[in-house]
Amino acid sequence: MIVYTTATCGWALRVYAALLEARAPFRLVDVKSGDEAAAAAWRRDSPYARTPAIRHGDAAIWESWAIAAYVDRAFPEAGIGARDPVEQALADLWMWHCDREVFPLLTALAKADDAERPERREALTAALHRLEHPAFDAQRIAPFWGGDRLSLVDIGYQVLFDTLKRAPEWAGEAIATPEWFRAWSDAVGAHPTILSAQALALALGQAA
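Residues numbered from 1 in each chain as written. Predicted model: local features only at pLDDT ≥ 70, side-chain atom pairs only at ≥ 80, totals over all residues. Heavy atoms only, no water.

Here we take up the pairing of strand S3 (residues 53–56). With three bridges joining them, strand S1 (residues 2–5) and S3 adopt antiparallel strand pairing. Counted as the bridge partner of Ile2 is Arg55 from S3. Bridge count for S3 against strand S4 (residues 59–62) is four bridges, and the pairing is antiparallel. Across the sheet, residue His56 finds its bridge partner in S4, namely Ala59. Following S3, the chain reverses through two residues before pairing antiparallel with S4; Gly57 in that reversal takes a positive phi of roughly 65 degrees. (Pairing = 2+ DSSP bridges. Helix = DSSP H or I, 4+ residues; strand = E, 2+ residues; numbered from the N terminus.)

Next up on the list: the pairing of strand S2 (residues 27–30). Where S1 meets S2, four bridges bridge the pair, whose relative direction is parallel. When the bridges of S2 are listed, Ile2 appears paired with Arg27.

A word on the sheet that holds S1. An order of S2-S1-S3-S4 is seen for the four strands of this open sheet, with the pairing classed as mixed. Because the sheet does not close on itself, it has two edges, and the strands there are S2 and S4. Shown here is a sheet whose adjacent strand axes are inclined to one another by a mean of 20 degrees, direction ignored. Its contacts with the sheet put helix H1 (residues 12–22) on S1, S2 and S3, and the angle it makes with S1 is roughly 160 degrees. (Axes fitted to C-alpha atoms, helices over the stretch in contact; angles between N-to-C directions. Contact = heavy atoms within 4.5 Å.)

Okay, structure coming up:
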């Protein structure tokens, strides 16, 4: 599997972690390395010209969550995705909330001026607490979303966990999060697969 990425692509962490957890063979291609053939292949396989994207045989897949889900389907023996249809739907809803609700609020806060910042921080905090609604079944997390083993949702949320930990840099101060959310973040962040994925991203950055 070819993974198109860059040294600064935070979203690619999802792909690295899913592939590492699945023990799937892959090769990283830095599309900013100056290799025009690699860049042309990436533009062919990524309609929005964004990273990450992958080429696996005849398949071209783009967008980090779609790629991670594809890895689960291509390597089901890894067991990182839910098999029950209800569990699969709930996983998709958690990721929808992360990428379509929370991250736009993160972006809005990062771009806010001093006058806008309190209101936007409040909106972001409310979105994080919305995960406590009974329909999300947040009490399932013990210590991971999938119970005692790393799941696709855990891998997907690590990008959010990393971003929130850097909040003093882009928001001026830390973002208040629920205690259970912090415990979940700590558990996922300490998992060997996540640490290996972060090391891979760091090595790519050092080589750039």
